[in-house]
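Structure assessment
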Amino acid sequence: MSFSLGTTHVPPGPDLVLAAGKTGLEALRAVRADAATRTVPVVFILGSEPDVAAIYRIGANSCIRRPASAEEGASILEHLVSYWLILNVRAPGPLPPRP
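Let me sum up the structure you'll find in this document. Values in this document were obtained by computation on a predicted structure and should not be read as measured data.

Overall, the coordinates contain 1 aromatic pair when judged by the stated rule. Each ring, one from Y83 and one from W84, has its centre 4.8 Å from the other, and the planes form 85°; the classification is edge-to-face.

Shown next, in the form of structure tokens:
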């Protein structure tokens, strides 16, 4: 899904990454390591015993609790898309790696 307001340029790659678990941590590290995707927002869905500080250190933009139901999940997804893809202004161009 891509949104473009007032411009014809849409950057390649994902617009938003939802990540969870150990595989999500690997995805988060990969997104942050690649200059082409470094500015893509990553929202981490927390499991039962999250290390929230570590997730933010690695580079997550946001952490949310796991939805209790499919209905709650759909509502959360709608809000995430609204915020990250419509309201949020992303940093222009590739950014240098985090220290």
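What follows concerns the sheet that holds strand β1 (residues 17-20). Hydrogen bonds along the backbone pair up the strands of a sheet, which may run parallel or antiparallel. An order of β1-β2-β3 is seen for the 3 strands of this open sheet, with the pairing classed as parallel. Strands at the two margins of the open sheet, each flanked by one partner only, are β1 and β3 (62-65). The sheet shows a mean angle of 30° between the axes of neighbouring strands, taken without regard to direction. Examined bridge by bridge, β1 and strand β2 (residues 42-46) share 4 bridges and lie parallel to one another. Residue pairing across strands places V17 opposite V42, the latter belonging to β2. Packed on one face of the sheet, helix α3 (residues 70-87) meets β1, β2 and β3 and runs near 165° to β3.

So, on to the pattern of salt bridges. Taken as a whole and judged by the stated rule, the model has 1 salt bridge. As a salt-bridge pair, R65 and E72 come within 2.7 Å of each other at their nearest N and O atoms.

Conventions used here
- Residues numbered from 1 in each chain as written.
- Predicted model: local features only at pLDDT ≥ 70, side-chain atom pairs only at ≥ 80, totals over all residues.
- Heavy atoms only, no water.
- Phe/Tyr/Trp six-rings, centres within 6.5 Å; stacked < 30°, edge-to-face > 60°.
- Pairing = 2+ DSSP bridges.
- Helix = DSSP H or I, 4+ residues; strand = E, 2+ residues; numbered from the N terminus.
- Axes fitted to C-alpha atoms, helices over the stretch in contact; angles between N-to-C directions.
- Contact = heavy atoms within 4.5 Å.
- Salt bridge = Lys/Arg side-chain N within 4 Å of Asp/Glu carboxyl O.

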